Amino acid sequence: MRLYHASTLCIEKPDVLHSRDKLDFGRGFYLTAMRDQAVRYAERFTRRGKEAYVNAS
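Procedures and definitions
- Chains are numbered independently. Their residues run from 1 in the order of the written sequence.
- For this predicted model, a pLDDT threshold of at least 70 governs which residues receive local features, and a threshold of 80 or more governs which side-chain atom pairs are given and counted, while totals over whole chains, interfaces and linings are taken from all residues.
- Side-chain numbers here rest on the full set of heavy atoms in the structure, without hydrogens or water.
- Aromatic contacts are taken between Phe, Tyr and Trp rings whose centres are within 6.5 Å, Trp giving its six-membered ring; a plane angle under 30 degrees counts as stacked, one over 60 as edge-to-face, and the others as tilted.
- In this scheme, a residue with accessible area under 20% of its type's maximum is buried, one over 50% is exposed, and one in between is partly exposed, where area comes from a 1.4 Å probe on protein chains only.
- Using a 1 Å grid laid over the protein atoms alone, points where a 1.4 Å probe fits but cannot get out form a cavity; open sets with protein on both sides within 12 Å along at least 5 of 7 lines form a pocket; any residue with an atom within 4 Å of a point counts as lining.
- Grid points are joined across faces, edges and corners, and a volume is the space filled by probe spheres set on the points.
- Secondary structure elements follow DSSP: runs of H or I of four or more residues count as helices, runs of E of two or more count as strands, with numbering from the N terminus.
- Classification used: nonpolar for Ala, Val, Leu, Ile, Met, Phe, Trp, Tyr, Cys and Pro, charged for Asp, Glu, Lys and Arg, polar for all others including Gly.
- Multiplying one less than the number of residues by 1.5 Å gives the expected span of a helix.
- Each C-beta atom gives one direction from the helix axis, and the arc is the one those directions make.
- For this analysis, residues touch if any pair of their heavy atoms sits within 4.5 Å.

1. Observations concerning the packing of aromatic side chains
One pass over the structure, following the stated rule, counts two aromatic pairs. Plain terms: the ring middles of F25 and Y30 are 6.4 Å apart, the flat faces sit at 40 degrees to each other, and that makes the pair tilted. Of the residues examined, F25 reaches a relative accessible area of 73% and is grouped as exposed.

2. Brief notes about the layout of surface pockets
Its boundaries defined by the atoms lining it, the largest pocket holds a volume of some 900 Å³. Every residue lining the largest pocket is counted, 28 residues in all, and those nearest its centre are H5, A6, R20, Y30 and Y41. The set of elements that each furnish at least two residues to the lining of the largest pocket consists of β1 (4–7) and α1 (35–47). With five residues, α1 is the largest single contributor of residues to the lining of the largest pocket. Taken together, the residues of the lining of the largest pocket sort by class into 13 nonpolar, eight polar and seven charged.

3. Topic: α1
In this model α1 runs 19 Å from its N-terminal to its C-terminal C-alpha over 13 residues, within 8% of the 18 Å that 1.5 Å per residue would give. Of all the positions in α1, only A38, A42 and F45 are classed as buried. Taken end-on, α1 shows its buried residues confined to a sector of 40 degrees, consistent with a single buried face. Exposed residues pointing more than 90 degrees away from the buried face of α1 are listed as D36, R40 and R47. Elements in contact with the buried residues of α1: β1 and β2 (53–56). Directly beyond the C-terminal end of α1, a positive phi value near 85 degrees is found at G49.

Right, dumping it as structure tokens:
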């Protein structure tokens, strides 16, 4: 199964210890099996003027 994560960084290894508090499902490293969903989330970063990456594993 291929999993995707949208971020402002290229992620080599997930790090849940530096996750933000008060996310929808608590602290964690959020992944999706739907590439389109990750792309849409990455577009939120670009609309704010940030670089965005869709990491896959």
